[in-house]
Amino acid sequence: MKTGSALAHETGLRIWLSALWLAAGILATLFSGSAATQPWKPDRPVEIVATNAPGGGSDRIGRMMIKILQERRTVATPINLVNKPGGGSSVAYNYINQHPGNGHFLVLGSRSFLTNHIAGHGPSYTDFTPVVRLFDEYIAVTVKPVSPIRTGKDLLSFMKRDPTAISFGIATSLGAPNHSGAAAAFKAAGIDIRKMKNVIFSSGGQASTALLGGHVDVVPISVAFAASLLRNKQVRLIAVTAPQRLPGILKDVPTWKEQGADAVVTQWRILIGPKDMAPAQVAYWEDVMRRMMEANEWKKELENNFWQPHFQTGAEARQFLARDHEDAKAFLTELGLAK
């Protein structure tokens, strides 16, 4: 029979061992949680991929971003811009997804991210990691200064008479915002948008070069790029897809709504990573981009380029993409392009 002192010793030992195991479990949980949430940062050069050729919208935006990040030393490793034009931007998206789980590869995405897949020639947005939504912009419809199409109303009249008579230079794919910048107005005016005569280019720069060379009649492009061409008197702007007139050099350009077509088209810009990126990688780039967007240099770029700031985290951007995917699918279905 155990004595009282022996029982007390045994009970104390059990209590001590239980406490020891409990402490070990707590420490293991703490260390496990610490490892799971350990901060991440790039340890080799970063690639920001532009979906079009040099001179296109994605290319110019990427170069601006890199300039600000490098001047402010926000990212310790080098950042390189890589152009991957082609396939209505699907070449760039497929390139990114060759590096699953790698936070050193990012692509500047636009609505073609959704429309490519809906049209059957690109991967789904669900196969990627949304990182940050950056801003929104509008589309301007441009013609040559000597064009007989002097206004948006003129263009609507031409298209009502013969929707195949006017050629459009579209970057970078059908159904994307540049295409919608004209097609949405035609749809609102009762014109059969499936009869548009479209020529596809790998960048807005190439489409505008074709316009200036007389190879196409009309080119819808980002308002920022259109404004730069307007300053050089290379084009005439006949409409913008904004809900109201834009400031500065664009103040005299009427909206589609002013010209009888109830059409507003927004182009969004988002930073996208490959599939299977870790939460810590997304959190790192969310923080970097938030700081970049707070910089005076970036705010100046927003103002100069008529961009509307619209920061969203990766989780918020994923929800937005799901909603916009439905709208894009409805539009492409009407065009007869949805697969």
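Below, the structure is looked at part by part. Only a predicted model underlies this, so the values are computations on that prediction, with no experimental measurement involved. Within each chain, residues carry numbers counting from 1 in the order of the written sequence. Per-residue local features of the predicted model are confined to residues with pLDDT of at least 70, and side-chain atom pairs are confined, for both listing and counting, to 80 or more; whole-chain, interface and lining totals are unaffected and use all residues. To obtain the side-chain values, all non-hydrogen atoms of the structure were included, while hydrogens and water were left out.

Quick look at the overall build of the protein chain
- Only DSSP runs of H or I covering at least 4 residues are called helices, and only runs of E covering at least 2 are called strands; the numbering of each starts at the N terminus. Per the secondary structure count, the protein chain includes 11 helices and 10 strands.
- When contacts within the protein chain are restricted to residue pairs at least 6 apart in sequence, those whose partners lie at least 24 apart make up 77%. Contacts are assigned to residue pairs with any non-hydrogen atoms lying within 4.5 Å of each other.

Side note on the pattern of salt bridges
- By definition here, a salt bridge exists when the distance from a side-chain nitrogen of Lys or Arg to a carboxyl oxygen of Asp or Glu is within 4 Å. Taken as a whole, this structure holds 13 salt bridges when the rule is applied.
- Among the ionic pairs, Arg-194 bridges to Asp-192, the shortest N-O distance being 3.3 Å.
- Among the residues examined, Asp-192 registers a relative accessible area of 28% and is labelled partly exposed.
- Residue Asp-287 is joined to Arg-291 by a salt bridge in which the shortest nitrogen-to-oxygen separation is 3.2 Å. Linking Asp-287 with Arg-291, this pair stays in helix α9 (residues 279-294), spanning four residues, or about one helical turn.
- Burial here depends on accessible area, computed with a 1.4 Å probe over protein chains only, as a share of the maximum for the residue type. Under 20% is buried, over 50% is exposed, and the range in between is partly exposed. On the basis of relative accessible area, Asp-287 is assigned to the partly exposed category, the value being 34%.

Thoughts on the environment of Asp-162
- With respect to the element layout, Asp-162 can be found in the loop between α5 (152-161) and β5 (167-171).
- Separated by 29 residues in the primary sequence, Asp-162 and Ile-191 place their C-alpha atoms 9.5 Å from one another.

Considerations on the packing of aromatic side chains
- When the centres of two rings from Phe, Tyr and Trp lie within 6.5 Å, Trp using its six-membered ring, the rings pair. Their planes under 30 degrees apart give stacked, over 60 give edge-to-face, and anything left gives tilted. Per the counting criterion, the structure on display carries 12 aromatic pairs.
- Pairing Phe-135 with Trp-298 gives two aromatic rings, centres 6.0 Å apart and planes at 55 degrees, and the pair type is tilted. Of this pair, Phe-135 sits in strand β4 (residues 129-143) while Trp-298 sits in helix α10 (residues 296-304); the two residues are 163 residues apart in sequence, bridging distant segments of the chain. Take Phe-135 and Trp-298: they sit in the same class, and that class is buried.
- Ring centres of Phe-186 and Trp-256 lie 6.4 Å apart, and the angle between their planes is 70 degrees; on these two criteria the pair is classed as edge-to-face.

Here's the deal with the side chain of Thr-77
- Within the secondary structure layout, Thr-77 lies in the loop between α2 (57-71) and β2 (79-83).
- With relative accessibility at 14%, the residue Thr-77 sits in the buried group.
- The definition of a polar contact used here is a pair of N or O atoms within 3.5 Å, where within protein one atom must be able to donate a hydrogen and the other to accept one, and adjacent residues in sequence count solely through side-chain atom pairs. Within the local environment of Thr-77, its side chain forms a polar contact with the backbone oxygen of Arg-44, the two atoms lying 3.2 Å apart.
- When neighbours within four sequence positions are excluded, Thr-77 is seen to be in contact with Pro-42, Asp-43, Arg-44, Pro-45 and Val-46.

Focus: the side chain of Ser-58
- The topology assignment puts Ser-58 in helix α2.
- For Ser-58, a relative accessible area of 0% gives the class buried.
- A polar side-chain atom of Ser-58 sits 3.2 Å from the main-chain amide nitrogen of Thr-51.
- Once residues lying within four places of it in the same chain are set aside, the contact partners of Ser-58 are Val-49, Ala-50, Thr-51, Asn-52, Leu-108 and Arg-269.

Some thoughts on the pairing of strand β8 (residues 236-240)
- Burial runs high along β8: five of the five residues are buried.
- Paired strands, in this sense, are two strands between which DSSP finds at least two bridges. Here β4 pairs with β8 via four bridges, running antiparallel. Residue pairing in the sheet places Ala-140 in a bridge with Val-240 of β8.

Note that all results are geometric; they support no functional claim without further evidence.
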